[in-house]
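Geometric and topological summary
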Amino acid sequence: MKGIVISGGPASVYDDESPTLDRSVLEACVPVLGICYGQHLLTHLLGGDVRKGDKGEFGLALLDLAEAGSRLLNGVETHQQVWMSHRDVTVAPPLGFQITATTSTCTTAAIEDAVRNFYAVQFHPEVVHTLQGQRILANFLFDICGCAKDWDAGQRINLVQDQIRQRAGDRNIFFFVSGGVDSTVAFMLCLDALGSERVRGVYVDTGLMREGETQFVRETFAGFGLVRIEECEEEFLGALEGVREPELKRHIIGEQFVRVQERIIEQQGLLNGRWILGQGTIYPDTIESGGTARAATIKTHHNRVPGIQKLIDAGLIVEPLADFYKDEVRAIGRELGLGPQLLDRHPFPGPGLAIRCLCAESDQHSTRTPDGWLLPIRSVGVLGDSRSYAPVLALDAFPTEDGQLQAEATELVNRGSGPSGFNRVVARVATREPLEHQRVFSSSITHGRVDLLRAADAIVREMSLESGFDKEVWQFPVVLIPLGFGEARDSVVLRPIRSVDGMTADSVPVPSDLLHGMAARLMAIPEIAGVYLDLTHKPPGTIEWE
Ligand code: XMP
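A brief structural summary.

Criteria and thresholds
- Residues numbered from 1 in each chain as written.
- Predicted model: local features only at pLDDT ≥ 70, side-chain atom pairs only at ≥ 80, totals over all residues.
- Heavy atoms only, no water.
- Buried < 20%, exposed > 50% of the residue type's maximum accessible area, 1.4 Å probe, protein only.
- Helix = DSSP H or I, 4+ residues; strand = E, 2+ residues; numbered from the N terminus.
- Arc of directions from axis to C-beta.
- Contact = heavy atoms within 4.5 Å.
- Axes fitted to C-alpha atoms, helices over the stretch in contact; angles between N-to-C directions.
- Parallel < 35°, antiparallel > 145°, perpendicular 65-115°, else oblique.
- Nonpolar A, V, L, I, M, F, W, Y, C, P; charged D, E, K, R; others polar.
- Polar contact = N/O pair within 3.5 Å; in protein donor to acceptor, adjacent residues only side chain to side chain.
- Core = buried A, V, L, I, M, F, W, Y, C linked by side-chain atoms within 4.5 Å.
- Domains from an automatic or database assignment.
- Pairing = 2+ DSSP bridges.
- Salt bridge = Lys/Arg side-chain N within 4 Å of Asp/Glu carboxyl O.

A few points about helix H5 (residues 213–222)
Residues of H5 that are buried include every one of Glu 213, Thr 214, Val 217, Thr 220 and Phe 221, and no others. The buried residues of H5 occupy one face: seen down the axis, they fall within an arc of 135°. Seen from the open side of H5, the exposed residues pointing more than 90 degrees away from its buried face are Glu 219 and Ala 222. On its buried side, H5 packs onto helix H4 (181–194), strand E11 (199–205), strand E12 (227–231), helix H11 (340–343) and helix H13 (447–467).

What follows is the structure, encoded as structure tokens:
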């Protein structure tokens, strides 16, 4: 063992069940790096003081390096952008530690005991929004721990294909493809590794896809002749009828995929122990769905529902991309010779439009607050590394192009994210009537609402592509919320974000002309009562709304 990294997590060191480690681990004389919760744990175990926080800090901060210098922060420019996501905070480092960096809100942003080789940071060096995070991790791994760089990216396809052959043995692989980047690349890796005789694909049209998607898949995969289309709209929408609870929706969709899979396997006579299932799961899916030992659930992923988990436990699943991030998946796809029409597509979640079509249990009014209108809509957020639902704050202000409102949104959430607060902020782009008249309507997933969302999404996608804005963003979810006036009972939320791996993301300002243009076309649909822009970065808001 060359070193230990104690990672972040949602727990507080003062919780009964919080993860900990035996003090003797710290006496192993190897370097230790604590990140966020890892800093608190190290501090707590070594006799320092951690203060319990109930609000926390989520988002960007500027790091100021102390003059004394630090091996961990060597080469990092002073006044560096870092990304924070925490509730508790270290107020007094343990004896022997120096403070090596601060921010305006955190006096212990980085601390270290260079003699014992203990290092700890409050911010997250592992996310791309910490601009020199990679440098910090490299300092720890290569300089402080003395690790060697023996990972050869050029060999990764060979390694992954060896793993596929090993896992499959003499069995064949049956794949669900969605037309998205991950499942396409995973499918092609298996195809390359085992040959076309041994790999089959099925695309399930859940009725929750975007406009034109099934046609795209039909045309794209026609060349391979290996993917068949299974029409399942009625089955999926039937299973979701009357369901309003967001996590239950995700669960039902995941299990429904398993039902379809079981049926297809049975119909095809594949129950002879000669087939295993392939999935396009990538590393963030596993981390964010709590799939690593102590990770909290940020995303409840449809690839990790109990039915699938049973297959995983029985060794009947192969996930060739499970160790990779999205940008690496795209790079692997390019090495396999896949074109931009497949690789440059925006990510689209497996549960589809269902998790962008929000539901409500009952009719409710919004509440006026000093900052804006609190909408009684439950949207998911990621505060301090765990997934939680909270209302949304709506600002009565047209979003400008300078990103000013996005910056304010982060502050508002940091201030208002207490137990009865909110985790997301939207700005009003256009509404049929003033905000005080709006209310949330009792609603569930229906054919009509999914069609409405599909139409709104198609308008936004078309305008975004035509204007070139599409190239500025990593993903552009369009969300339907049951908020309106009179007979127009739904509103549309635009959620353009910039990201590298989906783990963190920035809300992107939209050029005013484009925003006005989108709003005009959306408001021409009589059922749509309003258009809003989501201003929230991730954290504190997730990319999707459920
Ligand atoms: P969140 O909302 O967790 O999303 O910030 C991060 C990225 O993951 C996508 N996503 C999913 N993809 N199945 C998927 O295949 C899912 O259940 C799922 N949930 C979120 C999301 O679109 C974004 O790119």
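Some remarks on the packing of helix H3 (residues 156–168) against H4
In contact at an axis separation of 9 Å, H3 and H4 are set at 75° when each is read in the N-to-C sense. Relative to H4, the element H3 is oriented roughly perpendicular. Touching Ile 157, Val 160, Gln 161, Ile 164, Arg 165 and Ala 168 of H3 are Leu 189, Cys 190, Asp 192, Ala 193 and Leu 194, all from H4. A class-by-class count of the residues in the contact of H3 with H4 yields 8 nonpolar, 1 polar and 2 charged.

A short note on the side chain of Thr 504
Relative to the helices and strands, Thr 504 is located in the loop between strand E24 (497–498) and strand E25 (506–507). At 2.8 Å, the side chain of Thr 504 and the side chain of His 129 are in polar contact. If near-sequence neighbours (up to four positions away) are discounted, Thr 504 is found in contact with Trp 83, Val 127, Val 128, His 129, Arg 498, Ser 499, Lys 538 and Pro 539.

Looking at the nonpolar core
Residues Val 204, Val 425, Ile 445, Val 492, Leu 494, Leu 522 and Leu 535 are the most contacted members of the largest nonpolar core, which totals 65 residues. A per-element tally of this core places H13 first, with 7 residues. When residues are assigned to domains, this core turns out to be shared by domain 2 (153–352) and domain 3 (357–534), each giving three or more. Among all residues touching Leu 494, those that are not within four sequence positions of it are Val 460, Phe 476, Pro 477, Val 478, Leu 515, Met 518, Leu 522, Val 531, Tyr 532, Leu 533 and Asp 534. Grouped together as the second largest cluster of nonpolar side chains are 34 residues, Phe 175, Val 185, Cys 190 and Phe 221 included.

Section: the sheet that holds strand E20 (residues 439–440)
By way of backbone hydrogen bonds, the strands of a sheet pair with one another, either parallel or antiparallel. Taken in spatial order, the 3 strands make up an open sheet running E15-E20-E22, and their pairing is antiparallel. Each having just a single partner strand, strand E15 (364–365) and strand E22 (483–484) make up the two edges of the open sheet. Looking at chain direction, E20 and E22 are connected through 2 bridges and run antiparallel. Directly across from Val 440, in E22, lies its bridge partner Leu 483.

Digging into the pattern of salt bridges
Working definition: two side chains of opposite charge can pair if their charged atoms are close together. In this structure the tally under the stated criterion is 24 salt bridges. Across the pair Arg 165 and Asp 162 runs a salt bridge, and its minimum N-O distance is 3.0 Å. One end of the pair, Arg 165, and the other, Asp 162, are both in helix H3, 3 residues apart, so they sit about a helical turn from each other. Overall, the relative accessible area of 36% leaves Arg 165 in the partly exposed class. Three or more residues joined by partner-sharing salt bridges are found here, namely Arg 228, Glu 230, Glu 235 and Arg 263.

Side note on helix H6 (residues 233–240)
Among all positions in H6, only Phe 236, Leu 237 and Leu 240 are buried. Considered in projection along H6, the buried side chains sweep an arc of 90° and stay on one side of the axis. Trailing H6 by a residue or two, Gly 242 shows a phi angle of about 75°, which is positive.

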